[in-house]
Amino acid sequence: MAAPLRIYQVAVPAPLYGFFDYLASPQAPAILPGARVRVPFGKREMVGVVLGEADKSILALNRLKQILQVLDSEPVLSANLLQLLTWVAEYYHHPIGEVLHAALPTLLRQGRAAEAGVAVWSLTPAGRAVEANGLSRAPAQKHLLEALSAAPEGLDAEQLAQVSARWSATLKALHTKGWVSAHTRDCLQAANATPSQPPELNPAQRSAVEAILSGLDGFRTFLLHGVTGSGKTEVYLAAIDKVLAQGRQALVLVPEIGLTPQVISRFQQRFRVPIAVLHSGLSDPERLCAWLMARDGKAPIVLGTRSAVLAPISNLGLIVVDEEHDGSYKQQDGLRYSARDVAVMRAARDKIPIVLGSATPSLESLKNARDGAYTLLDLPDRTGSAIMPQVRLLDMRRLKPSEGLSLPLREAVTARLERGEQSLLFLNRRGFAPVWMCYDCGWLAPCRRCDAQLTLHQHRQKLICHHCGAEQEIVKTCPSCQSQNLHPIGEGTERVEGALQKFFPKARIERIDRDSTRGKGMLEEKLRRVHEGEADILIGTQMLSKGHDFPNVTLVGILNADQGLYGVDFRSGERLFQTILQVSGRAGRADKPGEVLIQTWHPEHALFAALQRHDFTGFADYALTERRDTGFPPFSFLALLRAESPQPQAAQQFLAAAHAAALKHRSDQSVQVFAPVPAPMERRAGRFRAQLLVQASKRAALHRLLGPWLAELTGLKAGKRVRWSLDVDPADLY
Ligand code: ADP
Ligand code: ZN
Ligand code: ZN
């Protein structure tokens, strides 16, 4: 009797829950969990990841297909990482195949080999013995030999090309003579910077570092609450230094906007080690290189945005999440995970400390600290002589702004210009004006595909929808009354930039928003000009609010603070406070005192009183009380089922069926299932959207419902006509 076939459980990147069974010949070597295989799937071939071996399948053996090719003899994903990713799939109720897919670099998804070395050439002993002078009749060889002799560690193709354009033929000749040999070097090297001396830590920083280092062998979550400019980054660096000294690796997560060249170079200057930098702008080979260097322990520091939390790191000793409150840690499509929350789970599983740092911690983390689950570390003061800026409210009910700028704000800018200091104006709205309106009949230019108005972009001479991206020519005649009396209403950054040019014709103005920094390197170039004093006034969106240290900015103006004050979402107030405090934190970070002017129509609001006192704790008390009274997170746990369809009623019909199913599966009265409602913006990009909220006072009770409920949803007929998704711990409810 022939030996039985082996059955493997394989995760494939398909939007289907669970894994699939495949066969392999019993003679072939066993395939280890975490190795990639090529398998037939439907009419296609896919690269999947083996999860394990099974002794039987629920399908008859003759219905199982064969594994076509084993791509890895060693697993690309370690057992430890595979377990973390499985947890992610279960917690967010997302197909495991898609989670693994998200965690792999593109080249590995495509089935390419898991290697990323760079070929370098160096002289052999015979080559070193050659007297270069003797080669006077072969000047090209002589030249190359000299270059190689000056580089004992070898030269790669890029470096050889700088020596000679025709290096390849010359190298071949040297190789034939036995004078050079090739080997492979790591694809990532330490930066060639002189290491910078760390500053002497102040007492608050020192005790924070000591607390973190006191337990490097166990799981503990620290909430590092430090005002802007209080030296949080120095605390991270000092703790990481000790972790590296133990031969372990550190993972540092930063928000999308926070991974600026300055941040990277700060790490490179402090530690002369290869740093694996992971962000969305990498080329495929760069990403594979960083990923493998992290996995193999060759990059002691892994620095990246959201998805870096899924990176393989063989010997992790510490995790840092900078600006832990930042919205970019939450992925808003596909696998809707929170990198901060996954990071905490990863630290718990690996039994290592994790530091969550922020000047404006999320209410979730703050409550965890108050409940004793996290350890709070405080940095109450700015470093050196820098003090917190003065905050003044400008009551816009009495001050008439001209193109968004009140007189006191313009005077404050004038004073900065006279003193040679910089001003930063913040307006969270790009474009020229958010509304294009007919003065005769009140018509507002609408997006055809969304329940929203179009934004006027004057530079591009277009009306653009900020929700679906649709663009159209500027309407010159009102389609409703044929009048030509059309005007822009309200201000965006483009319009304020123009107004600033009129008010301050001699000033050098930089606008920083998504439109003005579209091209590669444009943001870096603008930031460079600001840092080198080649700009007097900055006007920008929240791209300006984070991570930057502008020592010569002494005035921050918040042009429209009220956006979000009475927002539709339960987190609007928290976000507004965080943003304003972060932007204000850009002012007066060096030895010159800063001033913050806030233009508002609601100066009596409690949020502004707290801002004036730099009182994050006071704001948090107020906001937490409000959340407790309304039963929102962190006092409850949410899941949001969203559905959308081009047909007006389809999403609501699906959710009505989903609602009935949820009530059937609910075993626990502590879980509340709300009736489906249209989304706050019902129509977007031509689709009608609706949502259903599930709320529970206990996390476990919520997840007990989600599992069986989701299994039923995948089978619902009404679900075939809509696009739907489940968002566990949603960041917002629209
Ligand atoms: P944060 O991350 O809290 O915004 P940083 O770590 O970037 O703060 O520190 C702000 C500035 O203060 C930086 O220029 C940093 O080099 C400097 N700094 C931090 N700690 C100290 C210290 N103990 N002594 C002197 N300068 C410091
Ligand atoms: Zn009209
Ligand atoms: Zn639109």
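Residues numbered from 1 in each chain as written. Chains lettered and ligands numbered in written order. Predicted model: local features only at pLDDT ≥ 70, side-chain atom pairs only at ≥ 80, totals over all residues. Heavy atoms only, no water.

## Re the overall build of the protein chain
Then, in step 1: Check the secondary structure of the protein chain and you find 21 helices and 32 strands.
Then, in step 2: Relative to the compact-globule value of 27 Å for 734 residues, the protein chain shows a C-alpha radius of gyration of 29 Å, a close match.
Then, in step 3: C-alpha atoms of the protein chain, sized along the principal axes, occupy 85 × 75 × 60 Å.
Then, in step 4: Taking all 734 residues of the protein chain together, 52% fall into the buried category.
Then, in step 5: Taking contacts inside the protein chain between residues at least 6 apart in sequence as the whole, the part at least 24 apart equals 75%.
Then, in step 6: Looking at the protein chain as shown, the accessible area adds up to about 33,200 Å², and 51% of this sits on carbon and sulfur atoms.
Then, in step 7: With 86 positive and 73 negative side-chain charges, the protein chain shows a spacing of 5 Å between the two charge centroids. (Helix = DSSP H or I, 4+ residues; strand = E, 2+ residues; numbered from the N terminus. Rg over C-alpha atoms; globule rule 2.2 N^0.38 Å. Buried < 20%, exposed > 50% of the residue type's maximum accessible area, 1.4 Å probe, protein only. Contact = heavy atoms within 4.5 Å. Areas by Shrake-Rupley, 256 points an atom, 1.4 Å probe, with all protein chains shown as cover. Lys, Arg positive; Asp, Glu negative; His and termini not counted. Charge placed at Lys NZ, Arg CZ, Asp CG, Glu CD.)

## Notes on the site of ligand 1
Then, in step 1: The local shell around ligand 1 holds 15 residues, among which Glu200, Gln205, Lys232, Thr233 and Arg266 are the closest.
Then, in step 2: Glutamate 200 is positioned such that a nitrogen or oxygen atom in its backbone is 2.8 Å from a nitrogen atom of ligand 1.
Then, in step 3: Between threonine 233 and ligand 1, the recorded distance is 2.6 Å, taken from a side-chain N or O atom to an oxygen atom.
Then, in step 4: The fraction of the free accessible surface of ligand 1 (560 Å²) that becomes covered by protein chains is 73%.
Then, in step 5: Residue composition of the shell around ligand 1, by class: two nonpolar, seven polar and six charged. (Near = heavy atom within 4 Å. Polar contact = N/O pair within 3.5 Å; in protein donor to acceptor, adjacent residues only side chain to side chain. Nonpolar A, V, L, I, M, F, W, Y, C, P; charged D, E, K, R; others polar.)

## With respect to helix H10 (residues 261–270)
Then, in step 1: Those residues of H10 lying buried are Val263, Ile264, Phe267 and Arg270. Down the axis of H10, the buried side of the element spans an arc of 135 degrees, and every buried residue falls inside it.
Then, in step 2: Check the buried side of H10 and you find it contacts helix H9 (232–245), strand S11 (249–253), strand S12 (275–278) and strand S13 (301–304). (Arc of directions from axis to C-beta.)

## Here we look at the coordination of the zinc ion (ligand 3)
Geometry sets the ideal angles at a metal, namely 109.5 degrees for four tetrahedral donors and 90 or 180 degrees for six octahedral donors.
Then, in step 1: At this site the zinc ion (ligand 3) is bound by Cys447 (SG), Cys450 (SG), Cys465 (SG) and Cys468 (SG), with donor distances of 2.3 Å.
Then, in step 2: Of note is the zinc ion (ligand 3), whose four donor atoms meet at the metal with angles of 105 to 114 degrees in an arrangement that counts as tetrahedral.
Then, in step 3: In the primary structure, the donors to the zinc ion (ligand 3) are separated according to the pattern C-x2-C-x14-C-x2-C. Of this pair, cysteine 450 sits in the loop between strand S19 (435–438) and strand S20 (455–457) while cysteine 465 sits in the loop between strand S21 (462–464) and strand S22 (471–472), placing them 15 residues apart in sequence.
Then, in step 4: Taking the relative accessible area as the measure of exposure, cysteine 465 reaches 2% and is therefore buried. (Donors = N, O, S within 2.8 Å, 3.2 Å for Na, K, Ca; no water. Tetrahedral: all angles 85-135°; square planar, octahedral: opposite > 155°, others 65-115°.)

## Concerning the packing of aromatic side chains
Then, in step 1: Considering all chains together, one arrives at eleven aromatic pairs under this definition.
Then, in step 2: Taken together, a centroid distance of 5.1 Å and an interplanar angle of 15 degrees make the contact between tryptophan 87 and tyrosine 91 stacked. Placement of both tryptophan 87 and tyrosine 91 in helix H1 (residues 79–91) is noted, with a separation of four residues, approximately one turn of the helix.
Then, in step 3: Look at phenylalanine 616 and phenylalanine 619: their rings are 6.4 Å apart centre to centre, the planes differ by 50 degrees, and that puts the pair in the tilted class. (Phe/Tyr/Trp six-rings, centres within 6.5 Å; stacked < 30°, edge-to-face > 60°.)

## Details of the coordination of the zinc ion (ligand 2)
Then, in step 1: Coordination of the zinc ion (ligand 2) by the protein is provided by Cys438 (SG), Cys441 (SG), Cys478 (SG) and Cys481 (SG), with metal-donor distances spanning 2.2 to 2.4 Å.
Then, in step 2: Taken in sequence order, the residues that donate to the zinc ion (ligand 2) follow the motif C-x2-C-x36-C-x2-C. Here cysteine 441 is found in the loop between S19 and S20, whereas its partner cysteine 478 is found in the loop between S22 and strand S23 (486–489), with 37 residues between them in sequence.
Then, in step 3: Taking relative accessible area as the criterion, cysteine 441 reaches 38% and is therefore assigned partly exposed.

## Some words on the state of the cysteines
Two cysteines form a disulfide when their sulfur atoms are joined by a covalent bond.
Then, in step 1: Here the structure, examined in full by the defined rule, presents one disulfide.
Then, in step 2: The disulfide partner of cysteine 187 is cysteine 289, and the gap between their sulfur atoms is 2.0 Å. Disulfide cysteine 187-cysteine 289: torsion about the S-S bond near 100 degrees, hence right-handed. You can see cysteine 187 sitting in the loop between strand S9 (180–185) and helix H8 (203–213) and its partner cysteine 289 sitting in helix H11 (residues 284–295), a full 102 residues away along the chain.
Then, in step 3: With a relative accessible area of 8%, cysteine 289 lands in the buried category. (Disulfide = S-S within 2.5 Å.)

## What to know about helix H21 (residues 699–713)
Then, in step 1: The first and last C-alpha atoms of H21 sit 21 Å apart over 15 residues, in line with the 21 Å expected at 1.5 Å per residue.
Then, in step 2: Taken together, the buried positions of H21 are occupied by Ala701, Leu702, His703, Leu705, Leu706, Trp709, Leu710 and Leu713.
Then, in step 3: Buried residues belonging to H21 abut H1, strand S28 (637–645), helix H20 (650–665), strand S29 (671–673), strand S31 (687–696) and strand S32 (723–728). (Expected span 1.5 Å × (residues − 1).)

## What about the sheet that holds strand S26 (residues 553–558)?
Then, in step 1: Read across the open sheet, the six strands follow the order S17-S27-S26-S18-S25-S24; overall the sheet is parallel. Each having just a single partner strand, strand S17 (390–395) and strand S24 (509–512) make up the two edges of the open sheet. Going from strand to strand, the sheet's axes swing by 20 degrees on average, the running direction of each strand aside.
Then, in step 2: Two strands pair when backbone bridges link them, and S26 and strand S27 (residues 595–600) are joined in this way by four bridges, in the parallel orientation. Counted as the bridge partner of isoleucine 558 is isoleucine 598 from S27.
Then, in step 3: Of the strands in this sheet, strand S18 (422–426), S26 and S27 are in contact with helix H17 (residues 572–584), which crosses S26 at around 155 degrees. (Pairing = 2+ DSSP bridges. Axes fitted to C-alpha atoms, helices over the stretch in contact; angles between N-to-C directions.)

## Section: the pattern of salt bridges
Then, in step 1: Per the stated rule, a full pass over the model turns up 47 salt bridges.
Then, in step 2: In this structure, lysine 330 engages aspartate 727 in a salt bridge whose closest nitrogen and oxygen atoms are separated by 2.9 Å. On the criterion of sequence distance, the pair formed by lysine 330 in the loop between strand S14 (316–322) and helix H12 (339–350) and aspartate 727 in strand S32 is long-range, its members being 397 residues apart. In terms of burial, lysine 330 and aspartate 727 fall into one category: buried.
Then, in step 3: Here glutamate 644 ties to arginine 687 by a salt bridge, and the two come within 3.7 Å at their closest N and O atoms. With glutamate 644 in strand S28 and arginine 687 in strand S31, this residue pair connects regions lying 43 residues apart in the sequence.
Then, in step 4: Connected via shared salt-bridge partners are Glu510, Glu525, Lys526, Arg528, Arg529, Glu532 and Glu534. (Salt bridge = Lys/Arg side-chain N within 4 Å of Asp/Glu carboxyl O.)

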